[in-house]
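Understanding the architecture of this molecule
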Amino acid sequence: MRIGIIGCGNIAHQIARRLKVHAVYDIQREKCRDLDAKICNDLEELIGESDLIVEAASPDAVKEYAMKIIEAGKSMVIMSIGGLVNREFRDALFSRAREKGTRIYLPSGAIGGIDLIKTAKLGGLRKVTLRTIKNSHTLGYQVSERTLIFKGKASEAIEKFPKSVNVSVLLSIVSGMDIDVEVYADPQVKENIHEIYVEGDFGTAEIRVRNKPSPDNPKTSYLAALSPVYLLSSLEDVVRMGV
Ligand SMILES: NC(=O)c1ccc[n+]([C@@H]2O[C@H](COP(=O)([O-])OP(=O)(O)OC[C@H]3O[C@@H](n4cnc5c(N)ncnc54)[C@H](O)[C@@H]3O)[C@@H](O)[C@H]2O)c1
């Protein structure tokens, strides 16, 4: 399978370190230079060169390219899940993928617990809350102690922090509800912390992930960069573990 990637940043480099990447495309062509892959001039060329395309660029890239990729009959992995926050766009994209027989993969990224939420939803979910705690500098805030800087729904959170709460949109899509989100800025914390609280007929769950940054890019959690690598390398697995 020929893997193509949009966006030659941290996630693309983590993927290319572990898997053979056939083609890449980035609006900043120089970002792709050290990758051992064909550098494409535009999206159309990338689509032609790939069987499956990984979006690792930006929410705007998802809005601009995803439908074109699906229309071309290619499957895709979406990392900038914030680009799917608009329900009408998301439903149209998913339903077109069904018609075309292609696949859309949304990796777990920087969190765990997606398997639990999918299963628990069958019995009825009541509430899902995400509390994200990040370094204040990373979030662009100057505070002297841990401070609540946002409380609201995931759909508002992703507008305010388009790079920091992709996982809130994933949790919303999986749970089927616009989940509650709290974002804290902390001058001391070095890790990207995500705490997920789930309530439903199954009981309750609390999932806490303290993400270390990627070795070569402190802005991206290491787990988030590894997540598409696992997904891509397990597509043909005969034995499936977890949900
Ligand atoms: N789902 C998750 O848990 C999760 C976790 C981390 C990052 N992300 C998201 O994944 C994406 C990639 O993350 P990263 O750390 O590799 O980012 P990065 O900033 O290191 O790299 C992004 C690259 O994409 C390119 N790019 C941006 N817009 C583009 C466009 N429209 N067309 C082509 N190229 C474009 C940039 O030039 C850059 O080289 C980001 O949107 C980030 O928010 C998701």
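Residues numbered from 1 in each chain as written. Predicted model: local features only at pLDDT ≥ 70, side-chain atom pairs only at ≥ 80, totals over all residues. Heavy atoms only, no water.

Structural notes on the packing of aromatic side chains
Our working rule: By convention, a stacked pair of Phe, Tyr or Trp rings (six-membered ring in the case of Trp) has centres within 6.5 Å and planes under 30 degrees apart, an edge-to-face pair has planes over 60 apart, and any other such pair is tilted. Secondary structure is summarised from DSSP: a helix means a run of H or I of at least four residues, a strand means a run of E of at least two, and numbering begins at the N terminus for each. We call a residue buried when its accessible area falls under 20% of the maximum for its residue type, exposed when it is over 50%, and partly exposed in between, using a 1.4 Å probe and counting protein chains only.
Applying the stated criterion to the full structure yields two aromatic pairs. Measuring from centroid to centroid gives 6.3 Å for Y25 and Y65, while their planes differ by 70 degrees, and the two rings are edge-to-face. You can see Y25 sitting in strand β2 (residues 23–25) and its partner Y65 sitting in helix α3 (residues 59–71), a full 40 residues away along the chain. Both residues of the pair, Y25 and Y65, count as buried. Here F150 and F161 contribute two aromatic rings whose centre-to-centre distance is 6.1 Å and whose plane-to-plane angle is 85 degrees, an arrangement assigned as edge-to-face. With F150 in strand β8 (residues 147–153) and F161 in the loop between α7 (154–160) and α8 (166–175), this pair connects stretches of sequence that are 11 residues apart. By the burial criterion, F150 is buried, and F161 matches it.

Observations regarding the state of the cysteines
Short version of the rule: Criterion for a disulfide: a pair of cysteine sulfur atoms at a distance within 2.5 Å.
Tallied over the full model, the rule gives one disulfide. Across the disulfide from C8 sits C32; the S-S distance is 2.3 Å. Between C8 and C32 the disulfide shows an S-S torsion of about 85 degrees. By sign, it is right-handed. Of this pair, C8 sits in the loop between β1 (3–6) and α1 (10–18) while C32 sits in the loop between β2 and β3 (38–39), and the two are 24 residues apart along the sequence. Relative accessible area serves as the criterion here: at 2%, C8 is assigned to the buried category.

Quick word on the pairing of strand β9 (residues 180–186)
The following threshold applies: Pairing between two strands is assigned when DSSP locates at least 2 bridges connecting them.
The buried count for β9 comes to six of seven residues, which makes it a mostly enclosed element. For strand β7 (residues 125–135) and β9, the ladder comprises seven bridges, and the chain directions are parallel. For N135, the partnering residue across the bridge sits in β9 and is D186. When β8 meets β9, the two strands line up antiparallel, connected through six bridges. What sits directly across from L148, in β9, is Y184.

Digging into the site of the ligand
Formally: Neighbouring residues are identified by heavy atoms, a residue being near a molecule or strand if any of them is within 4 Å of it. Whenever a nitrogen or oxygen atom comes within 3.5 Å of another N or O atom, the pair is scored as a polar contact, on the condition that within protein one atom can donate a hydrogen and the other can accept it, and that pairs from neighbouring residues in sequence are kept only if both atoms are in side chains. Note on areas: Shrake-Rupley, 1.4 Å probe, and residue coverage restricted to the protein chains presented here. Throughout this entry, Asp, Glu, Lys and Arg are counted as charged residues, while Ala, Val, Leu, Ile, Met, Phe, Trp, Tyr, Cys and Pro are counted as nonpolar. The remaining residues, Gly among them, count as polar.
By nearness alone, 27 residues border the ligand, and I11, D26, Y65, S80 and T220 come closest of all. At a separation of 3.3 Å, a nitrogen atom of the ligand approaches a polar backbone atom of I27. Here the ligand loses 87% of its free accessible area of 870 Å² to cover by the protein chains. Those elements that place two or more of their residues in the shell around the ligand are α1, α3, α8 and β13 (217–221). The dominant element in the shell around the ligand, judged by the number of residues it contributes, is α3, at three residues. When its residues are assigned to classes, the shell around the ligand shows 14 nonpolar, 10 polar and three charged.

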